[in-house]
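# Observations on chain architecture
Letter by letter, the chains look like this.
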Amino acid sequence: MQAMLLDGPRRPLREADIDRPHPAPGQLLLRVSACGVCRTDLHVADGELTDPKLPLVLGHEIVGTIVAAGDGATRFPLGTRVGVPWLGWTCGECPYCRSGRENLCDRARFTGYQIDGGYAEYAVADERFCFLVPARFGDVEAAPLLCAGLIGFRALVAAGDARSLGIYGFGAAAHIVAQVARHQGRRVYAFTRPGDAEAQRFALELGTAWAGDSGAAPPEPLEAAILFAPVGALVPEALRRVAKGGTVVCAGIHMSDIPAFPYDLLWGERVVRSVANLTRQDGEQFLHLAPDVPVRTTTIPFPLSGANEALAALREGRLRGAAVLVPDHRDG
Ligand SMILES: [Zn+2]
Ligand SMILES: [Zn+2]
């Protein structure tokens, strides 16, 4: 099968012909229809996440059809369309797993990081960590739901019941979360790279109440803010904009260092927290909610062989929406 391989950090992905994987017991073999490109893929490719298997097939927003099942994998019939998220395996035994926090599992393994992912024609996945994809969504449309949507949703839950919500960094996750937040009756304020008029226009098209530069003051104090941009300097900036009791949620897996800031910014019971990974329950809840909103994903399809271009476009902030890789399946 065709796959795009990461041989090591800071190297372009290499197009390769490799053996189709075999599903181990409990695993499914999926014919990949679409795989989203996530900022986390950039952090892996750039060596900021330091523990990948190598060589590695990136990609953890996989939509595919089950074409074979390993021993004991009976959860879904063959031919079912499923989605595969970042959380690929958990131990089920550690204190986190036993307290409903499998996202923090000490031994968790992640798709497209320690397990080969979806930048390929086929992928294998543990059936227990796969989701049914709501019929309403096409394959390409659904791909960004599986990380940008899921982890964005977890960040939104972490923001509590804030009625006025700031979102810093208006990419794939933000464009989904903004729709969900609006559906819940919240007022959403979008913050982009300074001067990025196109991103601000995109945010307003999606129903945000206001869009401006990351250093600007929103029209009202925020009750919470979510940071999707991996920029540590935005933490004190967001704290400056949240009201007393407000929460700043850092939703990315990697961020540049957070500069020192005066205690005044944290005073008043403001909270800074991160959101890590996802639980299967987050996935079930979000995929149940997404068709009701209904979430409309804006996607930019690339051929599988265009993965390097997709990553470059994401790195340079050139995308309005979510890049999705679509293999062309030469076997028909
Ligand atoms: Zn565990
Ligand atoms: Zn992701």
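My aim in this report is to walk through the structure given alongside it, one point at a time. Chains are numbered independently. Their residues run from 1 in the order of the written sequence. Labels are handed out in written order, letters beginning with A for the chains and numbers beginning with 1 for the ligands. With the structure being a predicted model, the display of local features is reserved for residues of pLDDT at least 70 and the display and counting of side-chain atom pairs for 80 or more, all residues being used for whole-chain, interface and lining totals. Heavy atoms from the whole structure form the basis of all side-chain values; hydrogens and water molecules are not counted.

### Points about the layout of surface pockets
Here the largest pocket is characterised by a volume of approximately 890 Å³. Whether a set of points on the 1 Å grid over the protein atoms alone is a cavity depends on a 1.4 Å probe fitting there but being unable to get out, while an open set qualifies as a pocket with protein on both sides within 12 Å along at least five of seven lines; lining residues are those with an atom within 4 Å of a point. What lines the largest pocket is a set of 47 residues, among which Arg39, Gly171, Phe228, Ala229 and Pro230 lie closest to the centre. Helix and strand labels come from DSSP, where a helix needs a run of H or I of at least four residues and a strand needs a run of E of at least two; each type is numbered from the N terminus. For the lining of the largest pocket, the secondary structure elements donating two or more residues are α1 (39-45), α3 (148-158), α4 (172-183) and β12 (187-192). Partitioning the lining of the largest pocket into residue classes produces 27 nonpolar, 14 polar and six charged. Grid points are joined across faces, edges and corners, and a volume is the space filled by probe spheres set on the points. If you add up the space inside the second largest pocket, you get close to 170 Å³. Residue lining of the second largest pocket: Gln179, Arg182, His183, Glu205, Leu206, Val293, Pro294, Arg296 and Thr298, and that is the complete set. By residue number, the principal contributor to the lining of the second largest pocket is α4, which donates three residues. Here the nonpolar group is Ala, Val, Leu, Ile, Met, Phe, Trp, Tyr, Cys and Pro; Asp, Glu, Lys and Arg are the charged ones; every other residue, Gly included, is treated as polar. Residue composition of the lining of the second largest pocket, grouped by class: three nonpolar, three polar and three charged.

### Considerations on unusual backbone geometry
The omega torsion across leucine 54 and proline 55 is -15°, close enough to zero to call that bond cis. Looking at the element boundaries, proline 55 is found in the loop between α1 and β4 (56-57). For the peptide bond that leads from valine 293 to proline 294, omega is -20°, which places it in the cis range. On the secondary structure map, proline 294 appears in the loop between α7 (280-289) and β17 (299-303). Although it is not a glycine, arginine 10 sits at a positive phi angle of roughly 60°. Tracing the sequence through the fold places arginine 10 in the loop between β1 (2-6) and β2 (14-17). Among the residues examined, arginine 10 registers a relative accessible area of 61% and is labelled exposed. Accessible area is worked out with a 1.4 Å probe on protein chains only. A residue is then buried under 20% of its type maximum, exposed over 50%, and partly exposed in between.

### Points about the coordination of the zinc ion (ligand 1)
Each protein donor to the zinc ion (ligand 1) is listed here as Cys91 (SG), Cys94 (SG), Cys97 (SG) and Cys105 (SG); together their distances run 2.3 Å. One way to put it: the four donor atoms around the zinc ion (ligand 1) meet at angles of 102 to 116°, and that makes the site tetrahedral. Only nitrogen, oxygen and sulfur atoms qualify as donors, and only when within 2.8 Å of the metal (3.2 Å in the case of Na, K and Ca); with water excluded, sites may look incomplete. Written as a sequence motif, the donor residues of the zinc ion (ligand 1) are C-x2-C-x2-C-x7-C. Given the relative accessible area of 12%, cysteine 91 is considered buried. By the criteria applied here, four donors are tetrahedral when all angles lie between 85 and 135 degrees, four are square planar and six octahedral when opposite donors are over 155 degrees apart and every other angle lies between 65 and 115, and any other arrangement is irregular.

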